[in-house]
Amino acid sequence: LIKRILNSLCLVAPLLKPMCGPVGSKGNLHWNLPLPCRLGIVSPAKTGETAMTVHIGATPDQIAPTVLMPGDPYRARWAAETFLEGAELVNEVRGMLGFTGTWRGHRVTIQGSGMGMPSLSIYANELITNYDVQTLIRIGSCGGMQPHVAIRDVIIAMTASTITSPSSGMLRELNFAPCADWDLLQAAVTAAQAKGSKTHVGGIYSSDVFYAERPDLDTQMTRHGILAVEMEAAELYTLAARHGRRALAVLTVSDHLQTGEALPAQDRERSFGDMVEIALEAAFPEG
Ligand code: HPA
């Protein structure tokens with residue numbers, strides 16, 4: 001009965017539209033969610049017939065087989081508005097915005113992952129198992145760890161080392177080496193070279209802490225050629241391997257552990273644009 005009432009509320013949704021304030025700068029993008037979710041009566045995850053998940057309110061057909069995953073939900077909105085045609089908001093559960101549109105005619109979803117591997121693991125797991133997503137590309141920022149890596153440089157992560165990840169409990173004594181999908185990696189490198197972006201390809205470190213207190217570990221990682229630190233890629237690569245999907249992380253250096261330099265806030269969008277385009281070109285190398 002409750003479901004029937006909620007469904008009938010959805011039918012009159014357009015009439016009640018003024019009751020709901022716009023969420024983003026394109027206020028109408030959120031309107032495809034059922035009204036009860038918009039009014040906060042019920043979680044979007046509870047209104048679907050089938051594959052809506054605990055954390056993603058989109059219906060199965062609203063998520064594309066290719067998903068870009070920035071950590072920051074507002075960066076998801078910016079990337080969707082900047083690079084996609086006809087982008088629609090498809091998820092806003094917990095404010096973790098997701099948008100679907102097209103890029104050069106290919107359907108793409110840009111879904112925030114949140115910060116850190118436990119958060120990313122929730123979204124990547126649901127995208128893979130409930131929405132059958134095939135290609136997951138993290139786009140995000142990282143801290144440089146080598147003298148030759150500079151602010152604004154692009155990092156394409158071949159591997160991602162960790163101390164622990166959400167998968168560690170299940171992998172137990174196995175020191176699994178999470179690595180990128182080769183085809184995506186190769187296409188991303190080609191795209192970055194064509195763009196003329198200063199790019200580094202190699203190993204990164206996925207940390208559980210932003211405010212780390214282990215300078216000795218940083219020294220060992222720098223010594224072992226780790227290019228940069230971020231907080232998500234290792235778990236993304238591990239999940240993709242487990243489920244036979246394709247994954248890659250394309251990152252922009254936003255700060256540097258050795259020099260203490262950081263990208264000024266006003267420069268971030270322009271610098272991050274190259275990374276988004278490289279990720280899209282890697283997903284669709286045929287153009
Ligand atoms: N540490 C962890 N994650 C990051 C950093 C950092 O310095 N910079 C951007 N993401």
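See the structure shown above.
Just so you know, these numbers come straight off a predicted model, no measurement behind them. (Residues numbered from 1 in each chain as written. Predicted model: local features only at pLDDT ≥ 70, side-chain atom pairs only at ≥ 80, totals over all residues. Heavy atoms only, no water.)

Participant: Would you take a moment to explain the overall build of the protein for this structure?
Facilitator: Across its full length, the protein holds 10 helices and 9 strands. Within the protein, contacts between residues separated by at least 24 positions form 75% of all contacts whose residues are at least 6 apart in sequence. Taken as a whole, the protein presents about 13400 Å² of accessible surface, with 55% of it coming from carbon and sulfur. (Helix = DSSP H or I, 4+ residues; strand = E, 2+ residues; numbered from the N terminus. Contact = heavy atoms within 4.5 Å. Areas by Shrake-Rupley, 256 points an atom, 1.4 Å probe, with all protein chains shown as cover.)

Participant: For this particular structure, what's the right way to read the environment of S197?
Facilitator: Tracing the sequence through the fold places S197 in the loop between α7 (182-195) and β7 (199-206). Spatially, the C-alpha atom of S197 lies 7.1 Å from that of D153, the residues being 44 residues apart in sequence. In this structure, S197 is in contact with V154, A192, D274 and I278, ignoring residues within four places of it in sequence. A distance of 3.4 Å separates a polar atom in the side chain of S197 from a polar atom in the side chain of D274. (Polar contact = N/O pair within 3.5 Å; in protein donor to acceptor, adjacent residues only side chain to side chain.)

Participant: Got a minute to help me understand the side chain of H200 in this structure?
Facilitator: Tracing the sequence through the fold places H200 in strand β7. Side-chain polar atoms of H200 contact the side chain of D153, separated by 2.8 Å. Setting aside its immediate chain neighbours within four residues, H200 contacts H148, V149, D153, V154, I155, I156 and L227.

Participant: I would appreciate a short explanation of the packing of aromatic side chains in the present structure.
Facilitator: The way to describe two aromatic rings as a pair is by their centre distance and the angle between their planes. By the definition in use, this model includes 3 aromatic pairs. Look at W78 and F83: their rings are 5.8 Å apart centre to centre, the planes differ by 85°, and that puts the pair in the edge-to-face class. With respect to burial, W78 and F83 carry one shared label: buried. (Phe/Tyr/Trp six-rings, centres within 6.5 Å; stacked < 30°, edge-to-face > 60°. Buried < 20%, exposed > 50% of the residue type's maximum accessible area, 1.4 Å probe, protein only.)

Participant: Would you mind going over the packing of helix α5 (residues 117-129) against helix α9 (residues 233-243) with me for this structure?
Facilitator: Each pair of packed helices can be summarised by the angle the axes make with each other and by the distance between the axes. Put simply, α5 and α9 touch, their axes get as near as 9 Å, and they point 25° apart. Taken together, the axis directions place α5 and α9 in an arrangement best described as roughly parallel. Viewed along their axes, α5 and α9 form a crossing whose handedness is right-handed. Note on element contacts: α9 touches α5 through A234, E235, L236, L239 and H243, opposite M117, L120, S121, A124, N125, I128 and T129. Classifying every residue of the contact of α5 with α9 by side-chain character gives 7 nonpolar, 4 polar and 1 charged. (Axes fitted to C-alpha atoms, helices over the stretch in contact; angles between N-to-C directions. Parallel < 35°, antiparallel > 145°, perpendicular 65-115°, else oblique. Left-handed = near helix turned anticlockwise from the far one by under 90°. Nonpolar A, V, L, I, M, F, W, Y, C, P; charged D, E, K, R; others polar.)

Participant: Is there a simple way to think about the environment of I63 in this case?
Facilitator: Position of I63 among the secondary structure elements: in the loop between α3 (35-38) and β1 (66-70). Taking the C-alpha atoms as reference points, I63 and F99, 36 residues apart in sequence, are found 8.3 Å from one another. Setting aside residues up to four positions removed in sequence, I63 forms contacts with I56, A58, V90, T100, R107, T109, L127, Y131 and V133.

Participant: Teacher, can you tell me more about the pairing of β7 here?
Facilitator: Side-chain positions along a regular strand alternate between the two faces of the sheet. In terms of burial, β7 is largely enclosed, as 6 of its 8 residues are buried. Here strand β6 (residues 154-161) pairs with β7 via 7 bridges, running parallel. Considered in β7, the bridge of A157 is made with G202. Across 2 bridges, the pairing between β7 and strand β8 (residues 228-230) is parallel. The residue of β8 that forms the bridge with S206 is E230. Between the parallel pair β7 and β8, the chain is carried across by helix α8 (residues 215-223), and the sense of this crossover is right-handed. (Pairing = 2+ DSSP bridges. Right-handed = clockwise from strand over helix to strand, strands pointing away.)

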